[in-house]
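The chain contents come next:
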Amino acid sequence: MNENRRQILEMLAAGKITADEADRLLAALEPEPVATANFTGNIAGSKGWSANDSSTTVKTHAKYLRVLVESTEKNGPTTVNVRVPMQLLRAGVRLASLIPQQAHDQLDETLSKHGVPLTLSQIKPENLEELIDHLGDLTVDVDAKEEKAKVRVFCE
Amino acid sequence: MIPNIAVLEIQNPHFRMPRLWIPLILLWIPLALLLLLLSPVLFIVVCAISIANGVGPLRVVRIFWDILSSLRGTDVRVTSNGSKVLVRIM
């Protein structure tokens, strides 16, 4: 049992707090997805139990990257539904660290020749991992009515 | 953990394949034997990669293992022109 929960229950048993106060304190201890739970205030009879202990920030991490494509063509509708685990993306990013430096330089040269001002050698694996971590916040919705196509990219 | 089962289904207007549930252990065992046979060559390749990139050989193996392990949960479904392809890795 969590130490904070034990303290709350002990205070309730000792009559130092009411059942309502205990319920609010226990609810404050519950982790909430994508939310910060904070409890501040004084509890009558409490002896130095820090309210800051109840502040928690829990963010659920996305597990999958989903790509949905729906389009209507002359021959009929086309749907593409792809779900890729985020772990696979992270592992693929680590694979990039195995590319030799000479290959990076050749790629940079080729990209600059084609007008893409990108220096791959300066992109570190940790940058890419951070990028993948933030993919959880990404949502792309494209609705091209003229082409009768819809594209959705999101993390779940 | 490496994937255990793959589900495969292919349909088109002229051909319909029943949904196959493939136990991937039937693939991993022969693959493991093949890797064992090719282990001297693989050892040289891994060492060459690690020397070229300054990355430890164990890390090289770990990266490939991570890619294999993270395939679980991959789900690809494509439907077009009366054809349907389904691939799931579990």
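Computed from a prediction, not measured in an experiment: that's the story for all the values here. (Residues numbered from 1 in each chain as written. Chains lettered and ligands numbered in written order. Predicted model: local features only at pLDDT ≥ 70, side-chain atom pairs only at ≥ 80, totals over all residues.)

1. Topic: the interface of chain B and chain A
Reasoning step 1: Tallying the contact residues gives 21 residues for chain B and 20 residues for chain A.
Reasoning step 2: Where the side of chain B that touches chain A is concerned, the elements lending two or more residues are helix H2 (39-53), helix H3 (57-69) and strand S4 (75-80) of chain B.
Reasoning step 3: Residue composition of the side of chain B that touches chain A, by class: nine nonpolar, eight polar and four charged.
Reasoning step 4: Note that strand S4 (residues 76-85) of chain A and S4 of chain B share six bridges and pair antiparallel. Within S4 of chain B, the residue paired with Val-82 of chain A across the bridge is Val-76 of chain B. (Contact = placed C-beta atoms within 7 Å. Helix = DSSP H or I, 4+ residues; strand = E, 2+ residues; numbered from the N terminus. Nonpolar A, V, L, I, M, F, W, Y, C, P; charged D, E, K, R; others polar. Pairing = 2+ DSSP bridges.)

2. Quick look at the packing of H2 of chain B against H3 of chain B
Residues and elements named next belong to chain B.
Reasoning step 1: Closest axis-to-axis distance for the H2/H3 pair is 8 Å, and the angle between their directions is 110°. The orientation of H2 with respect to H3, classified from their angle, is roughly perpendicular. Residues Val-46, Cys-47, Ile-49 and Ser-50 of H2 lie in contact with H3, whose contacting residues are Pro-57, Val-60 and Val-61.
Reasoning step 2: Looking at the contact of H2 with H3 residue by residue, the class counts come to six nonpolar, one polar and no charged. (Axes fitted to C-alpha atoms, helices over the stretch in contact; angles between N-to-C directions. Parallel < 35°, antiparallel > 145°, perpendicular 65-115°, else oblique.)

3. Considering unusual backbone geometry
Residue and element names in this part refer to chain B.
Reasoning step 1: The phi torsion at Asn-81 lies on the positive side, around 50°, for a residue other than glycine.
Reasoning step 2: Along the chain, the position of Asn-81 falls in the loop between S4 and strand S5 (83-89).
Reasoning step 3: On the neighbour-count criterion, Asn-81 (13 C-beta atoms within 10 Å) is partly exposed. (Buried ≥ 20, exposed ≤ 12 C-beta atoms within 10 Å, placed from the backbone.)

4. A word on the confidence of the model for chain B
Reasoning step 1: When pLDDT is averaged along chain B, the result is 87, and 100% of the positions lie at 70 or above.
Reasoning step 2: Model confidence for the complex: the whole-complex pTM is 0.59, and ipTM, which rates the interface, is 0.76. (pLDDT = per-residue confidence, 0-100.)

5. Details of the pairing of strand S3 (residues 64-73) of chain A
Residues and elements named next belong to chain A.
Reasoning step 1: Here S3 runs beside S4; their pairing, made up of ten bridges, is antiparallel. In the strand pairing of S4, Thr-72 is matched with Pro-77.
Reasoning step 2: The turn linking S3 back onto S4 is made up of two residues.
Reasoning step 3: Two strands pair when backbone bridges link them, and S3 and strand S6 (residues 149-155) are joined in this way by seven bridges, in the antiparallel orientation. From the neighbouring strand, Ser-71 faces S6, where its bridge partner is Ala-149.

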